Amino acid sequence: MIGEIDELSVRFGSTEVLKRVSLTLQERKVHVLSGPSGSGKTTFLRALNRLNDSFGDCHTTGRIRLWLDDQPVQLESLSQARLPYLRQRVGMVFQHPQLLPGTIADNLLLPLTVVAGLSRTRARERMEQGLVQAALWPEVAGRLTAPAVSLSGGQQQRLCLARTLALKPQILLLDEPTASLDPETALQIETLITELSRQLTIVMVSHSPEQAQRLGDHRLQFERGRVVSGH
Ligand SMILES: Nc1ncnc2c1ncn2[C@@H]1O[C@H](COP(=O)(O)OP(=O)(O)OP(=O)(O)O)[C@@H](O)[C@H]1O
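Residues numbered from 1 in each chain as written. Predicted model: local features only at pLDDT ≥ 70, side-chain atom pairs only at ≥ 80, totals over all residues. Heavy atoms only, no water.

The name an unreviewed UniProt entry gives the protein is Phosphate ABC transporter ATP-binding protein, PhoT family, with Ferrimonas sediminum as the organism.

## Description of unusual backbone geometry
Here is the rule we go by: Only DSSP runs of H or I reaching four residues or more are called helices, and only runs of E reaching two or more are called strands; each is numbered from the N terminus. Buried, partly exposed and exposed residues are distinguished by accessible area as a fraction of the type maximum, computed with a 1.4 Å probe on protein chains only: under 20%, between the cut-offs, and over 50%, respectively.
The backbone phi angle of Glu-176 is positive, close to 45°, even though this residue is not glycine. Checked against the element boundaries, Glu-176 lands in the loop between strand S7 (171-175) and helix H7 (183-196). Positive phi is not limited to glycine here, since Arg-224 has a value of about 45°. Its location among the elements puts Arg-224 in the loop between strand S9 (218-223) and strand S10 (226-230). Note on Arg-224: relative accessible area 73%, which makes it exposed.

## Focus on the sheet that holds strand S4 (residues 58-68)
Stated precisely, the cut-off is as follows: A pair of strands is labelled paired if DSSP reports no fewer than 2 bridges between them. Interaxial angles span 0 to 180 degrees and are taken between N-to-C directions of axes, which are lines fitted to C-alpha atoms, for helices over the stretch in contact.
With antiparallel pairing, four strands are arranged side by side in an open sheet as S2-S1-S4-S5. Here the strands that pair on one side only, and so sit at the sheet edges, are strand S2 (15-25) and strand S5 (71-74). The mean inter-strand angle of the sheet, taken between neighbouring strand axes irrespective of direction, is 10°. Taken together, the eight bridges between strand S1 (residues 3-12) and S4 define a ladder with antiparallel strand orientation.

## Examining the packing of helix H3 (residues 104-115) against helix H4 (residues 120-133)
The line we're drawing: Convention used here: angles under 35 degrees read as roughly parallel, angles over 145 as roughly antiparallel, angles from 65 to 115 as roughly perpendicular, and any remaining angle as oblique. In this scheme, a crossing is called left-handed if the near helix is turned counterclockwise away from the far one by less than a right angle; it is called right-handed if the turn is clockwise. We call two residues in contact when some of their heavy atoms are within 4.5 Å. Three classes are used: nonpolar for Ala, Val, Leu, Ile, Met, Phe, Trp, Tyr, Cys and Pro, charged for Asp, Glu, Lys and Arg, and polar for all others, with Gly counted as polar.
Interhelical geometry of H3 versus H4 gives an angle of 125° and a closest axis separation of 9 Å. Judged by the inter-axis angle, H3 sits oblique to H4. The element H3 and its partner H4 pack so that their crossing is right-handed. For the pair H3 and H4, contact is made by Ala-105, Leu-108, Leu-109, Leu-112 and Thr-113 and by Arg-120, Ala-123, Arg-124, Arg-126, Met-127 and Leu-131, respectively. Of the residues belonging to the contact of H3 with H4, the class tally is seven nonpolar, one polar and three charged.

## Examining the site of the ligand
To keep it simple, the criterion reads: Think of it this way: one heavy atom of a residue within 4 Å of a molecule or strand is enough to make that residue near it. By the criterion applied in these results, polar contacts are pairs of N or O atoms within 3.5 Å in which, for protein atoms, one can donate a hydrogen and the other can accept it, and in which residues neighboring in sequence qualify only through two side-chain atoms. Areas reported here follow the Shrake-Rupley algorithm with a probe of radius 1.4 Å; residue values treat only the protein chains shown as occluding.
Taken together, 13 residues are adjacent to the ligand, and Ser-37, Gly-38, Lys-41, Thr-42 and Thr-43 come closest. Ser-39 is positioned such that a nitrogen or oxygen atom in its backbone is 3.1 Å from an oxygen atom of the ligand. In the environment of the ligand, an oxygen atom lies 2.9 Å from a nitrogen or oxygen atom belonging to the side chain of His-207. Protein contacts shield 65% of the accessible area of the ligand, which totals 630 Å² for the unbound molecule. Of the residues forming the shell around the ligand, the biggest block, four residues, is contributed by helix H1 (residues 41-47). Among the residues forming the shell around the ligand, the class breakdown is four nonpolar, seven polar and two charged.

## Some details on the side chain of Thr-178
With respect to the helices, strands and loops of the structure, Thr-178 is situated in the loop between S7 and H7. Take Thr-178: its relative accessible area is 13%, and that puts it in the buried class. A polar side-chain atom of Thr-178 sits 3.0 Å from a polar atom in the side chain of Gln-211. Not counting the four nearest positions on each side in its chain, Thr-178 is found in contact with Ala-186, Ile-189 and Gln-211.

Printed below as a string of structure tokens:
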């Protein structure tokens, strides 16, 4: 087990969005979250690296314990100063590619130098590793100084994945990673997810029952802020 979530509740203002959710996350397995729009799936993902904190009206109760670098980390008592560490170890890729302005290389080098504090040389090594892991290296090796926006939708999604992987996460949060992709590119990303799950724990949202079936070692159904079934 890599994660234990106990009675997690999240509300925005007076609206309770997650209601006493308890579940466990298993190491190097793919957990697929499904359920109707608004049932709290993305909020659950964001709770796993305390990203909900960035919304001023968000209030979280309950306990989340993750085992990161073989140490138990209790998320609710983690100091602000440790949040960058948490967010490197528990990396998130959003539904729509969130590119940084600048080149393909900038998109990886900036977080690696600024967030992870790596030297330029070390950052370039990690950049290449991330791009290889995200199966993008062959397509971009010769054009790292091209604007990131010049990539196709599927390439942009893999660039965001590469950026997260370059920070060496142990848990990868993917919010509908194939939602905006054509079927062929979506299958490419699915293959990648299966490969990555040999090294990482994955928690992902999917609206496709077929995809949940294909990828999920564990499938969790959300409804109105609760997990109504899981196996
Ligand atoms: N930052 C926020 N401020 C206020 N309300 C929010 C915020 N984020 C989410 N919500 C509300 O919380 C509820 C759950 O949203 P969430 O995005 O977690 O659902 P979801 O299951 O991921 O939906 P979808 O499948 O459409 O992405 C929704 O009613 C949403 O409007």
